[in-house]
Amino acid sequence: MHNVARTTGPAVSAEDTGQMPALFDREGGDAAPRGRRRKPGPDYEQIQRSPQFRSLRSRFRRFVFPMSIGFFVWYLAYVVLAAYAGEFMSTPVFGLVNVGMLLGLGQFVTTAAITALYVRFADREMDPRAAEIRAQAAAVPEGTRQ
């Protein structure tokens with residue numbers, strides 16, 4: 001078998017060292033191609049370190065993590081019941097509808113309810129805070145510290 005990874009052309013210095021060339025030069029040089037200037041914009045690292053952004057992220061996590069864990073536990077309970085409690089899941093409720101069907105439909109209802117709760121939460125809590133952070137970032141000239 002022959003080595004299909006070997007190239008026949010001349011070796012490039014990046015290939016010799018096994019290192020990729022720097023894509024973003026953070027130590028003073030301009031990483032933009034010659035003839036082009038970087039667009040001025042907000043300092044995203046500075047925004048990320050700000051107390052307002054940390055508060056926003058913390059509030060987001062306090063909503064999303066418990067909601068995600070709760071839904072995961074609810075879904076896992078449904079799967080475990082379906083796998084190991086077949087008799088319970090096949091208990092008729094009315095007509096041809098049984099407990100398993102109702103719990104399965106409950107998964108869809110729960111998903112819709114969580115979505116509605118998150119939209120309401122985002123409209124009231126997240127969006128106003130994010131807009132405030134965006135406005136502050138736009139007001140700060142590039143290269144200045146807050």
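In what follows, the structure referred to is the one given above.
Residues numbered from 1 in each chain as written. Predicted model: local features only at pLDDT ≥ 70, side-chain atom pairs only at ≥ 80, totals over all residues. Heavy atoms only, no water.

(A) Just the environment of Met67, in detail. Assignment of secondary structure puts Met67 in helix H3 (residues 51-84). Residue Met67 is classed as partly exposed on the basis of its relative accessible area of 24%. Separated by 47 residues in sequence, Met67 and Ile114 place their C-alpha atoms 7.6 Å apart. Setting aside anything within four residues of it in sequence, one finds Met67 in contact with Ile114 and Leu117. (Helix = DSSP H or I, 4+ residues; strand = E, 2+ residues; numbered from the N terminus. Buried < 20%, exposed > 50% of the residue type's maximum accessible area, 1.4 Å probe, protein only. Contact = heavy atoms within 4.5 Å.)

(B) Inspection of helix H5 (residues 99-139) at higher detail. Relative to the 60 Å expected for 41 residues at 1.5 Å per residue, H5 spans 57 Å between its end C-alpha atoms, a close match to the ideal helical length. Of the positions making up H5, those classed as buried are Val99, Gly100, Gly104, Gly106, Gln107, Phe121, Ala122, Met126, Ile133 and Ala137. Contacts made by the buried residues of H5 are with helix H2 (44-49), H3, helix H4 (86-89), strand E1 (92-94) and strand E2 (97-98). (Expected span 1.5 Å × (residues − 1).)

(C) Representation of the pattern of salt bridges. Under the definition given, this model contains 2 salt bridges. Across the pair Arg59 and Glu125 runs a salt bridge, and its minimum N-O distance is 3.5 Å. Of this pair, Arg59 sits in helix H3 while Glu125 sits in helix H5; the two residues are 66 residues apart in sequence, bridging distant segments of the chain. Given a relative accessible area of 27%, Glu125 falls into the partly exposed group. (Salt bridge = Lys/Arg side-chain N within 4 Å of Asp/Glu carboxyl O.)

In short, the description is geometric, and any link to function would need to be established separately.
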